[in-house]
Amino acid sequence: MTLSPERAPKTAGTRRLTRTLYASAFCDEFVLLYPVYALLFSDTGLSVWQMSSLFALWSLTGVLLEVPSGVWADAFSRRLLLVLGPLLTAAGFALWVLVPSYGAFAVGFVLWGAGGALGSGALEALVYDELDRAGAADRYARVMGRARAVGITATMAAMGLAGPVFAWGGYDAVGAASVLVCLAGAAVATRFPEHRAPSAAGDRWTTTLRAGLTEARTDRSVRGALLLVPAVTAVWGALDEYTPLLAADTGVARETVPWLLLVIWAGATAGGLLAGAAERLTTTGFAVLLAGSALALSTGAALGTAPALVLVALAFGGFQLATVLADARLQRRIDDTGRATLTSVAGLGTELGTLAAYGAYAATASVTGHGTAFAWSAVPYLLTAVLLAAAARTTAAAARARPRSRRSPS
């Protein structure tokens, strides 16, 4: 079958988009500093309090810049922000290894947080609009799910390679490799197609912000999709920081912990790859997915054995799948002009929810242990599943009532 002249360029553009997206996702996560930067801080002489303050500064930077960056992406160029983000991150990593000190680490975290915020919202908006332009918006969940799977695979590869590289060249070697991969990510981002014209008047970015917030306030379906993203993403996004502690609490040897982590993240990878097949999941089906994942999480964590972590892996796979599907639902409901803005608003909700989850986890784990803290973390997902199921029943009842009301006498 020969493609028509009109369809061929669109197909080629989609192919370029997805290849660039997957390469960008790999570069974003293939950072050898990830597994060892806490050791760098410790070896530099930082106290636990100082390290905690750096993590807080990192999160605060993301919170402050999340929404403004989305507005900039809608008002100017989304591709430009995707290029600038990795460059800022590279500068931060370079500072860490060139002048290791508390001040340099703080500036590095601000740069890293700013780089991440620039890409949040801009990436999803660019990908959805380009797919929509090619008549392939229905592939968004599948494409983004694969991108997330590529990113997790890159993280696992970086974890495996960081040890040998560190043994060979220390922090300088892993730092240089991390800077280079960020620069490669910026170069890859220049390949993103962007056919959407930025705002003719960049000084009217406040108009873009107001329009996006008005859409969320007045459209119930947009508001619901906006709230669903942090409800699905925030808690398990915080839990991933504590998975090594959960694995260690099963009683295995320290050298076995990385292998258990690979099992958990293999589950998350599988969840991303299943996004295309689950794209047409109904609201009731989405509720069942969340409830099943929550039960798997609580059971696997409460059992406290190494084999039971397979259930945690299944839960992470379900949460990853739900994260991709929630993002796809949001993209389908919002207007093109404010797409990056509202995606960033959802990202802000996720950041704030993650910070709250950190606090709740610390309060629970300090008293009950990591297994119990993981088990209690399933509660928000069960509540979200109940709310979704109730909303689905209400919508179905309203749909059944409409034909009867039309037949009834006036």
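Here is what the cut-offs are and how they apply
Residues numbered from 1 in each chain as written. Predicted model: local features only at pLDDT ≥ 70, side-chain atom pairs only at ≥ 80, totals over all residues. Heavy atoms only, no water. Helix = DSSP H or I, 4+ residues; strand = E, 2+ residues; numbered from the N terminus. Buried < 20%, exposed > 50% of the residue type's maximum accessible area, 1.4 Å probe, protein only. Axes fitted to C-alpha atoms, helices over the stretch in contact; angles between N-to-C directions. Parallel < 35°, antiparallel > 145°, perpendicular 65-115°, else oblique. Left-handed = near helix turned anticlockwise from the far one by under 90°. Contact = heavy atoms within 4.5 Å. Nonpolar A, V, L, I, M, F, W, Y, C, P; charged D, E, K, R; others polar. Salt bridge = Lys/Arg side-chain N within 4 Å of Asp/Glu carboxyl O. 1 Å grid on protein atoms, 1.4 Å probe; cavity = no way out; pocket = protein on both sides within 12 Å on 5 of 7 lines; lining within 4 Å. Points joined across faces, edges and corners; volume = space filled by probe spheres on them. Patch = residues over 30% accessible without salt bridge, like charges linked within 9 Å, V, L, I, M, F, W, Y side chains within 5 Å. Areas by Shrake-Rupley, 256 points an atom, 1.4 Å probe, with all protein chains shown as cover. Core = buried A, V, L, I, M, F, W, Y, C linked by side-chain atoms within 4.5 Å. Disulfide = S-S within 2.5 Å. Expected span 1.5 Å × (residues − 1).

On to the overall build of the chain, then. Looking only at helices and strands, the chain features 16 helices and zero strands. Considering the chain as a whole, with its 410 residues, one finds that 49% of them fall into the buried category.

In a pair of packed helices, the angle between the axes and the distance between the axes together describe the arrangement. One can describe the packing of helix H6 (residues 122-133) onto helix H7 (residues 140-189) by two numbers: an axis separation of 10 Å at closest approach and a directional angle of 140°. Between H6 and H7, the crossing angle belongs to the class labelled oblique. Our pair here, H6 against H7, has a crossing hand that is right-handed. Residues Glu 124, Val 127, Tyr 128 and Leu 131 of H6 form the contact with H7, whose participating residues are Tyr 140, Val 143 and Met 144. A per-class count over the contact of H6 with H7 returns six nonpolar, no polar and one charged.

In this section: the pattern of salt bridges. Scanning all chains against the criterion turns up three salt bridges. One salt bridge in this structure joins Asp 129 and Arg 78, with 2.5 Å as the shortest N-O distance. Here the residue Asp 129 occupies a position in helix H6, and Arg 78 occupies one in helix H4 (residues 78-98), the gap between them amounting to 51 residues. Neither residue differs from the other here; Asp 129 and Arg 78 are each classed as buried. Each of Asp 74, Arg 78, Asp 129 and Arg 339 takes part in salt bridges that share partners, so that together they form one network.

Turning next to the layout of surface pockets. Computed from the structure, the second largest pocket encloses a volume of approximately 720 Å³. Mapped by element, the contributors of at least two residues to the lining of the second largest pocket are helix H9 (220-239), helix H12 (283-303), helix H13 (309-333) and helix H16 (379-407). Looking at side-chain class alone, the lining of the second largest pocket contains eight nonpolar, eight polar and three charged residues.

What follows deals with the environment of Val 181. Among the secondary structure elements, Val 181 is positioned in helix H7. The buried category is assigned to Val 181, whose relative accessible area is 10%. Linking Val 181 and Phe 30, residues 151 residues apart in sequence, is a C-alpha distance of 7.1 Å.

Turning next to a nonpolar patch on the surface. Together, Leu 80, Leu 84, Leu 87, Leu 180 and Leu 183 line one region of the surface with nonpolar side chains, adding up to about 430 Å² of accessible area. Sorting the residues of the nonpolar patch by element identifies H4 and H7 as the ones contributing at least two each. Sorting elements by how many residues they give to the nonpolar patch places H4 first, with three residues.

Turning our attention to the nonpolar core. The biggest cluster of nonpolar side chains holds 83 residues, and the ones touching the most others in it are Val 127, Phe 286, Leu 290, Leu 297 and Phe 316. Per-element tally for this core: the top contributor is H13, with 12 residues. With residues up to four places along the chain from it excluded, the contact list for Phe 286 reads Leu 228, Val 232, Leu 281, Ala 322, Leu 325, Ala 326, Arg 329 and Leu 388. One finds Leu 46, Met 51, Ala 106 and Trp 112 within the second-largest nonpolar core, a separate group that totals 28 residues.

A separate point is the side chain of Glu 66. With respect to the element layout, Glu 66 can be found in helix H3 (residues 48-75). Among all residues touching Glu 66, those that are not within four sequence positions of it are Ala 117, Ser 120, Ser 344, Gly 347, Leu 348 and Glu 351.

Right, let's talk about the state of the cysteines for a bit. Overall, the coordinates contain zero disulfides when judged by the stated rule. Left unpaired, Cys 27 is separated from the closest cysteine sulfur, that of Cys 182, by 8.7 Å. Using a relative accessible area of 11% as the deciding quantity, one classes Cys 27 as buried. Residue Cys 182 is classed as buried on the basis of its relative accessible area, which comes to 7%.

Take H6 next. End to end, H6 covers 16 Å across 12 residues, agreeing with the expected 16 Å (1.5 Å per residue, within 8%). All of the buried residues along H6 are Ala 122, Leu 123, Glu 124, Ala 125, Leu 126, Val 127, Tyr 128, Asp 129, Glu 130 and Leu 131. Where H6 ends, the next residue or the one after it, Gly 135, has phi of about 75°, a positive value.

On to empty space enclosed by the protein, then. Under the defined criterion, the tally for this structure stands at two cavities of 30 Å³ or more. By volume, the second largest cavity amounts to about 40 Å³. Along the walls of the second largest cavity sit Ala 278, Glu 279, Leu 281, Phe 286, Leu 325, Ala 328, Arg 329 and Arg 332, which together make up its complete lining. In terms of residue count, H13 provides more of the lining of the second largest cavity than any other element does, four residues in total. Class assignment of the residues belonging to the lining of the second largest cavity gives a composition of five nonpolar, no polar and three charged.

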